[in-house]
Amino acid sequence: MDNQELLDRFQRYVDDEHKIEAKDWMPEGYRKTLIRQVAQHAHSEIVGMLPEGNWITRAPSLRRKAILISKVQDEAGHGLYLYSACETLGVDRDTLINELLTGKAKYSSIFNYPTVSWADIGAIGWLVDGAAIVNQVSLQRTSYGPYSRAMVRICKEESFHQRQGYEIMIALAKNGNEAQKKLAQEAFNRWWWPSLMMFGPSDANSAHSAQNTAWKIKRHSNDELRQKFIDMTVPQAEYIGLTIPDPDLKWNEARGHYDFGEINWTEFNEVIKGNGPCNKQRLEARQKAHAEGAWVREAASAYAAKRKKSGEGRAA
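As a starting point, this report considers the structure included with it. In this text, all values refer to a predicted model and were calculated from it rather than measured experimentally.

Examining the packing of aromatic side chains
For the coordinates displayed, the defined rule picks out 12 aromatic pairs. Measuring from centroid to centroid gives 5.4 Å for Trp265 and Phe268, while their planes differ by 90°, and the two rings are edge-to-face. One end of the pair is Trp265 and the other is Phe268, both in helix H11 (residues 265-275) and 3 residues apart, which spans about a single turn. In this structure an aromatic cluster arises from ring pairing among Trp126, Tyr166, Phe188, Trp192, Phe199 and Phe229. Lying across the ring of Tyr239, Lys174 places its NZ or CZ 4.4 Å from the centre.

Structure (structure tokens):
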């Protein structure tokens, strides 16, 4: 069977809604696209621990502290699921981690913004995790089996993250005093536009969108997901008394959706290039953690080797 026949058979298999598994034949472009996307997703979960971890020791109550610790632990687990899914595509984890630490790999631009107040933690949970859910719910139906199955559990946990973030914003913006309401609005202003950027470039400028849709890696376009997020989030903001920081936002009766202003794509591209407010800080934090954790990895490897040798001795 020649390559074109294999490609045609693969496309028919995907079109029939079958899942591609690790040992199945797949086009090299499909495999490379998945490695790029799943690795970027995994890196985002790991780097995403940093903005919130910064507030664990400063949470306003023991309850809030416990919830935030649990949330950050969940993000670490999500990274683990996704690195494992990526490894099924034939790339080893050391390579993936090295690409993150050297700056070769990308992660979500949203995590290169600072968390300057406790209200930012609420905004991240509500907006950032809310945007993630909109994207990741559709990824539960992605064509690659290991990625699809990882997303099922991740989405359940992200729903908790989104609810705890919105609860913080309700406490501040709806039930708080004037100072707390001001903090909530300022945090909302900071995170609204970066959250819209999370869905990636507009469809007209998305290099991979058409092919990823054909392969059913993606089920919806960037602009479709962004619109869904806006339509879902605007009423939530209005309910707790927050003002959307977009003078062009208005309901379009004919479309049945909100119209919104132009996203600052120059800012988006600069952050992607490494010129965001916290790019350097985030990378240095991961490099420091990796270096300081070397002894743990060495100890774990030594223990695994000892157990393997002991098992071989018993088998003999």
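This is not the end of the story, as more comes after the structure.
Re the layout of surface pockets
The calculated volume of the second largest pocket comes to roughly 260 Å³. Every residue along the wall of the second largest pocket is listed here: Arg93, Asp94, Ile97, Asn98, Leu101, Arg286, Ala289, His290, Gly293, Val296 and Arg297. Of all elements in the fold, only helix H5 (93-101), helix H12 (279-292) and helix H13 (294-315) reach the threshold of two or more residues within the lining of the second largest pocket. If one sorts the elements of the lining of the second largest pocket by residue count, H5 sits on top with 5 residues.

Some remarks on the side chain of Asn279
Mapped onto the fold, Asn279 is located in helix H12. Taking relative accessible area as the criterion, Asn279 reaches 9% and is therefore assigned buried. The contact partners of Asn279, leaving out residues within four places of it in the chain, are Tyr107, Asn112, Val271 and Gly274.

Concerning the nonpolar core
Of all hydrophobic cores here, the largest spans 74 residues; its most connected members are Tyr30, Trp126, Trp192 and Leu242. Here the element with the most residues in this core is helix H6 (residues 118-139); it accounts for 11 residues. Excluding residues that lie within four positions of it along the chain, Leu242 makes contacts with Trp126, Met169, Ala173, Ala184, Gln185, Phe188 and Ala237.

Side note on helix H1 (residues 3-15)
Taking 1.5 Å per residue as the helical rise, H1 with its 13 residues ought to reach 18 Å, and the 18 Å between its terminal C-alpha atoms agrees with that figure. Along H1, the residues that are buried comprise Leu6, Phe10 and Val14. Angularly, the buried residues of H1 cover 70° about the axis, an arc narrow enough to put them on a single face. With its phi angle positive at about 70°, Glu17 sits one or two positions after the end of H1.

Observations regarding the state of the cysteines
By the definition in use, this model includes 0 disulfides. Distance from the sulfur of Cys86, which forms no disulfide, to the nearest cysteine sulfur (Cys155) is 18 Å. On the accessibility criterion, Cys86 (0% relative accessible area) is buried.

Focus: unusual backbone geometry
Even without glycine at this site, Glu17 takes up a positive phi of about 70°. Its location among the elements puts Glu17 in the loop between H1 and helix H2 (28-47). Assessed through its relative accessible area of 43%, Glu17 is described here as partly exposed.

What about the environment of Gln11?
If you trace the backbone, Gln11 turns up in helix H1. Residue classification places Gln11 among the partly exposed residues on the basis of a relative accessible area of 22%. Setting aside residues up to four positions removed in sequence, Gln11 forms contacts with Ala214 and Trp215.

Some details on the side chain of Ser143
Relative to the helices and strands, Ser143 is located in the loop between H6 and helix H7 (145-174). Classification of Ser143 as buried rests on a relative accessible area of 3%. If sequence neighbours within four positions are ignored, Ser143 has contacts with Val14, His18, Lys19, Ile20, Tyr30, Trp215, Lys216 and Ile217.

Brief notes about the packing of H7 against helix H8 (residues 178-197)
The geometry of H7 relative to H8 is characterised by a closest axis approach of 7 Å and an angle of 130° between their N-to-C directions. The orientation of H7 relative to H8 falls into the category oblique. On H8, the residues that touch Met169, Leu172, Ala173 and Lys174 of H7 are Gln180, Lys181 and Ala184. For the contact of H7 with H8, a count of residues per class yields 4 nonpolar, 1 polar and 2 charged.

Rules used throughout
Residues numbered from 1 in each chain as written. Predicted model: local features only at pLDDT ≥ 70, side-chain atom pairs only at ≥ 80, totals over all residues. Heavy atoms only, no water. Phe/Tyr/Trp six-rings, centres within 6.5 Å; stacked < 30°, edge-to-face > 60°. Helix = DSSP H or I, 4+ residues; strand = E, 2+ residues; numbered from the N terminus. Lys NZ or Arg CZ within 6 Å of the ring centre and 35° of its normal. 1 Å grid on protein atoms, 1.4 Å probe; cavity = no way out; pocket = protein on both sides within 12 Å on 5 of 7 lines; lining within 4 Å. Points joined across faces, edges and corners; volume = space filled by probe spheres on them. Buried < 20%, exposed > 50% of the residue type's maximum accessible area, 1.4 Å probe, protein only. Contact = heavy atoms within 4.5 Å. Core = buried A, V, L, I, M, F, W, Y, C linked by side-chain atoms within 4.5 Å. Expected span 1.5 Å × (residues − 1). Arc of directions from axis to C-beta. Disulfide = S-S within 2.5 Å. Axes fitted to C-alpha atoms, helices over the stretch in contact; angles between N-to-C directions. Parallel < 35°, antiparallel > 145°, perpendicular 65-115°, else oblique. Nonpolar A, V, L, I, M, F, W, Y, C, P; charged D, E, K, R; others polar.

Any functional reading would require information that these geometric values do not contain.
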